[in-house]
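Spelled out, the chains give:
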Amino acid sequence: MRSKNPIDIERLKITIIYDNYAYDGQLQTDHGFSCLIEGLDRTLLFDTGGNGSIIMDNLKRLNIAPDQVDVIFISHSHYDHNGGLPRFLEAHSTVDIYVPGSALASYKAISEQFGSNVIPVDKPKWVCDGAISTGLMPSPIIAEQSLAIPTNKGAVVITGCAHPGICNIVDRAGELTGQTVFMALGGFHLLSDTEESVRKTISRLQTMGVRYVAPSHCTGKDAIQSFADVFGKTFVQSGVGRVIRGTELSETAASNRFRGKRLRN
Ligand SMILES: [Fe+2]
Ligand SMILES: [Fe+2]
């Protein structure tokens, strides 16, 4: 399942297009998440935010033409992650859309309207040469897929809401890529967690070798602050308009905790 050629992290560029928090004051904030992933063999739009007008306006202000996108990845079927999809497809519909298999019927209707290619995801699946879906992971709220990108420094993991639990997702991404997770970004869904529980989550992620974090969306303001306090210079401030470039992730990766495991097999 492992990628044969993890990309050089310096090629990676991730732009936050939709988020609860502002980074670039020119862009609109709203509850939801979306980011553009460049530097792989295909350009990926991860989620579409909740409001079609907002995502299209933010894309325009960021000078991102919709037809740059080859693949749309929908993490889960909450409105704040898929609500902008029809409006985006009005502008550009020749895309492959990887959707939760459990909600295939509703996306089939959209694809018939716009002629896009809809691909259901249940089990882990490569969505292009450089990125793999964790597959649908269960949670008490909704099943959700996350994305893992193997790089020369370790895997980069992107989550929508992380309903299945950020630690579980990081764990699964590590197993699938055979790499320690170098960076985790997106919504971590810790807004209802106690301070103690957030502390435990942060410490577990550190034990798992996660070097950089860029939490946003539904992570919760207090939890985001806790990540900033603990990770210090490897905390990446996120928010709409933030462009995360692989070149700025210059810290060394933790040693690969999966290496020993593989050698024993
Ligand atoms: Fe969400
Ligand atoms: Fe959600």
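### A look at the coordination of the iron ion (ligand 2)
Geometrically, a metal with four donors at the corners of a regular tetrahedron has ideal angles of 109.5 degrees, and one with six donors at the corners of a regular octahedron has ideal angles of 90 or 180 degrees.
Turning to step 1, where the next piece is worked out: Around the iron ion (ligand 2), the donor atoms from the protein are His 76 (NE2), His 78 (ND1), Cys 161 (SG) and His 163 (NE2), and they sit 2.2 to 2.5 Å away.
Turning to step 2, where the next piece is worked out: Because the angles between the 4 donor atoms bound to the iron ion (ligand 2) fall within 90 to 171°, the donor set is best described as irregular.
Turning to step 3, where the next piece is worked out: Of note, the donors binding the iron ion (ligand 2) are all from one chain and are spaced H-x1-H-x82-C-x1-H.
Turning to step 4, where the next piece is worked out: Metal-to-metal, the separation of the iron ion (ligand 2) and the iron ion (ligand 1) is 3.5 Å; Cys 161 coordinates the two. One end of the pair, His 76, is in the loop between strand S4 (71-73) and helix H2 (79-82); the other, His 163, is in the loop between strand S10 (154-159) and helix H5 (166-177), and 87 residues separate them in sequence. The pair His 76 / His 163 is uniform in exposure class, with both members buried.

### Focus on helix H6 (residues 195-207)
Turning to step 1, where the next piece is worked out: The end-to-end C-alpha distance of H6, which contains 13 residues, comes to 18 Å, matching closely the 18 Å that a straight helix rising 1.5 Å per residue would cover.
Turning to step 2, where the next piece is worked out: Where H6 is concerned, the buried positions are Val 198, Thr 201, Ile 202 and Leu 205. Projected down its long axis, H6 shows its buried positions confined to an angular sector of 95°, all on one face. Away from its buried face, by an angle of more than 90 degrees, H6 presents the exposed residues Lys 200 and Thr 207.
Turning to step 3, where the next piece is worked out: On the buried face of H6, the contacting elements are H5 and helix H7 (221-231).
Turning to step 4, where the next piece is worked out: Positive phi appears at Gly 209, one or two residues downstream of H6, with a value of about 100°.

### With respect to the packing of H5 against H6
Turning to step 1, where the next piece is worked out: Running from N to C, H5 and H6 cross one another at 10°; their axes reach a closest spacing of 10 Å. Judged on the interaxial angle alone, H6 and H5 are roughly parallel. Of the residues in H6, those in contact with Ile 166, Cys 167, Asn 168 and Val 170 of H5 are Thr 201, Arg 204 and Leu 205.
Turning to step 2, where the next piece is worked out: Across the contact of H5 with H6, the residue classes break down as 4 nonpolar, 2 polar and 1 charged.

Cut-off values and rules
Residues numbered from 1 in each chain as written. Chains lettered and ligands numbered in written order. Predicted model: local features only at pLDDT ≥ 70, side-chain atom pairs only at ≥ 80, totals over all residues. Heavy atoms only, no water. Donors = N, O, S within 2.8 Å, 3.2 Å for Na, K, Ca; no water. Tetrahedral: all angles 85-135°; square planar, octahedral: opposite > 155°, others 65-115°. Helix = DSSP H or I, 4+ residues; strand = E, 2+ residues; numbered from the N terminus. Buried < 20%, exposed > 50% of the residue type's maximum accessible area, 1.4 Å probe, protein only. Expected span 1.5 Å × (residues − 1). Arc of directions from axis to C-beta. Contact = heavy atoms within 4.5 Å. Axes fitted to C-alpha atoms, helices over the stretch in contact; angles between N-to-C directions. Parallel < 35°, antiparallel > 145°, perpendicular 65-115°, else oblique. Nonpolar A, V, L, I, M, F, W, Y, C, P; charged D, E, K, R; others polar.

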